[in-house]
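Now for the letters of each chain:
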Amino acid sequence: MGNNLTTVAELALSLPHSQTSQPVSSLVQYQGLISGYPSPGWPELTDDEIREAIEAALPHVLKTAQKEKHYRLEREKQALKEAQLSHVPESPEEFFVEVQIRGRSLAKRDGWRKPFELDTWRWPYYKLLSLYFMGDERFETEGPALLGYEDGSFSLSKGLLLAGGVGVGKSDMMRLFARNPWSPFQFVSCIDLAVEYSDKEKGGSKVIDQHVGPRHTEKRSFYYGHDYIGTCFDDFGAEGETSYMGNRVNLMELILQGRYRNCRGPWTHITTNASEADIKTNYDHRVYDRMIQMFNFIEYPADTPSLRC
């Protein structure tokens, strides 16, 4: 008999009798389930008996092999994930490449209508944010030219306010940059905040208190060793006025005033469909003046095509 056949037969003989057919279990039981077959004093199996043992053991062998392959692949995937999380980009250029990899993965995972790619409209914004979220001084010196802004328009000591039409990619871009080496942040919907604030049991001032300062995170390794992270408030302006126990307030005005006192700088970011002129018109002038001090205003051109078309 061939070596493979003998090996499988030996494996079959090592199985508990409950996992084999009755004829084979009798052979195994007779031989005392002792490893090391063949052994002096044991009866020699015929070819038919060996084939019977193989046929009985094969389903179990295949099932075990499939499980082992699955576990091995899962371990490899986990090891790759841990290696990716532990890697810290060393330059804006390297981070720019990593963010694009994240974008392709996000598009595939969420089933985007189109694959992720940087067209001529969005490429400058991704380059700009790669500089910013690496804390690179070129954000201030070279960043304005990327968007055709005047020199001195940007500062690393301010957060980001991204304004533009529906579907231009503001929110997705900020999600892709949320995990960064310089100033990582969580992503919070202003509309969801308004709903939370209105909750009679869990809302009110408790919601405001949770969002007027940096947020402590237990995911320190995920956020490149940072114990505290900032916040990006998505869809600023869409929340409107919010009520709690009959009292109506402009929730985001209150939160921004608190963050102005507690955590100005790269701790606070905003995405909005409103233009700077709209913000100036619709919000208290004191809030607008503070926003000028808090944010780098980055506005997409009005003719930027939507990614949703």
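Remember, predicted model here, so these are calculated numbers, not experimental data.

K.L.:
Looking at this structure, I do not really get the overall build of the protein. What am I missing?
P.N.:
Along the backbone of the protein there are 13 helices and eight strands. Of the accessible surface of the protein, which amounts to about 17,700 Å², a share of 50% is contributed by carbon and sulfur atoms.

K.L.:
For this particular structure, what's the right way to read the state of the cysteines?
P.N.:
Each disulfide is one covalent bond, formed between the sulfur atoms of two cysteines. Tallied over the entire structure, the rule returns zero disulfides. Cys-232 forms no disulfide, and the closest cysteine sulfur to it belongs to Cys-190, at a distance of 8.4 Å. Judged by its relative accessible area of 0%, Cys-232 falls in the buried class.

K.L.:
What exactly am I supposed to notice about the packing of helix 9 (residues 190-198) against helix 11 (residues 251-262) here?
P.N.:
Geometrically, a packed helix pair is captured by the angle between its two axes and the distance between the axes. Between helix 9 and helix 11, the shortest axis-to-axis distance is 10 Å and the interhelical angle comes to 100 degrees. Here helix 11 runs roughly perpendicular to helix 9, going by the angle between their axes. Contacts between helix 9 and helix 11 involve Cys-190, Leu-193, Ala-194 and Tyr-197 on the former and, on the latter, Leu-251, Met-252 and Ile-255. Taken together, the residues that form the contact of helix 9 with helix 11 break down as seven nonpolar, no polar and no charged.

K.L.:
Where do I start with the nonpolar core in this structure?
P.N.:
Considering soluble globular proteins, one finds that nonpolar side chains tend to be buried as a cluster. Judged by nonpolar contacts, the single largest core of 31 residues is most densely connected at Tyr-126 and Phe-133. A total of six residues in this core trace back to one element, the largest contributor, which is helix 5 (residues 123-132). Among the nonpolar cores identified, the runner-up in size contains 26 residues, and Leu-161, Leu-193, Tyr-197 and Ile-255 belong to it.

K.L.:
Explain the environment of Glu-117 to me, please; I cannot follow it from the model alone.
P.N.:
Along the chain, Glu-117 falls in the loop between helix 4 (92-110) and helix 5. In this structure Glu-117 comes out as exposed when scored by relative accessible area, which is 62%. In sequence terms Glu-117 and Arg-104 are 13 residues apart; their C-alpha atoms lie 7.6 Å from each other.

K.L.:
Honestly, helix 9 in this entry has me stumped. Any pointers?
P.N.:
Along an α-helix, residues three or four positions apart point the same way, because every turn accommodates 3.6 residues. Residues Cys-190, Leu-193, Ala-194 and Tyr-197 constitute the buried set of helix 9. Axial view of helix 9: buried residues confined to an arc of 100 degrees, hence all on one face. Its side-chain oxygen 3.3 Å from the backbone nitrogen of Ile-191, Ser-189 forms the N-cap of helix 9.

K.L.:
What's the story with unusual backbone geometry in this structure? I'm lost.
P.N.:
You will see that Tyr-224, though not glycine, has its phi angle at about 55 degrees, which is positive. Accessibility expressed as a relative area gives 14% for Tyr-224, which makes it buried. Despite not being glycine, Asp-235 has its phi angle at roughly 65 degrees, a positive value. For Asp-235, the location among the structural elements is in strand 4 (residues 228-236).

K.L.:
Help me understand the pairing of strand 7 (residues 268-272), please; the structure alone is not making it clear to me.
P.N.:
Looking along a regular strand, one sees the side chains alternate between the two faces of the sheet. With five of its five residues buried, strand 7 lies for the most part within the structure. In the sheet, strand 1 (residues 159-163) pairs with strand 7 via three bridges, with the strands oriented parallel. Of the residues in strand 7, the one forming a bridge with Leu-162 is Thr-271. Two elements, strand 4 and strand 7, share four bridges in a ladder whose sense is parallel. From the neighbouring strand, Phe-236 faces strand 7, where its bridge partner is Thr-272.

Rules behind the numbers
- Residues numbered from 1 in each chain as written.
- Predicted model: local features only at pLDDT ≥ 70, side-chain atom pairs only at ≥ 80, totals over all residues.
- Heavy atoms only, no water.
- Helix = DSSP H or I, 4+ residues; strand = E, 2+ residues; numbered from the N terminus.
- Areas by Shrake-Rupley, 256 points an atom, 1.4 Å probe, with all protein chains shown as cover.
- Disulfide = S-S within 2.5 Å.
- Buried < 20%, exposed > 50% of the residue type's maximum accessible area, 1.4 Å probe, protein only.
- Axes fitted to C-alpha atoms, helices over the stretch in contact; angles between N-to-C directions.
- Parallel < 35°, antiparallel > 145°, perpendicular 65-115°, else oblique.
- Contact = heavy atoms within 4.5 Å.
- Nonpolar A, V, L, I, M, F, W, Y, C, P; charged D, E, K, R; others polar.
- Core = buried A, V, L, I, M, F, W, Y, C linked by side-chain atoms within 4.5 Å.
- Arc of directions from axis to C-beta.
- Polar contact = N/O pair within 3.5 Å; in protein donor to acceptor, adjacent residues only side chain to side chain.
- Pairing = 2+ DSSP bridges.

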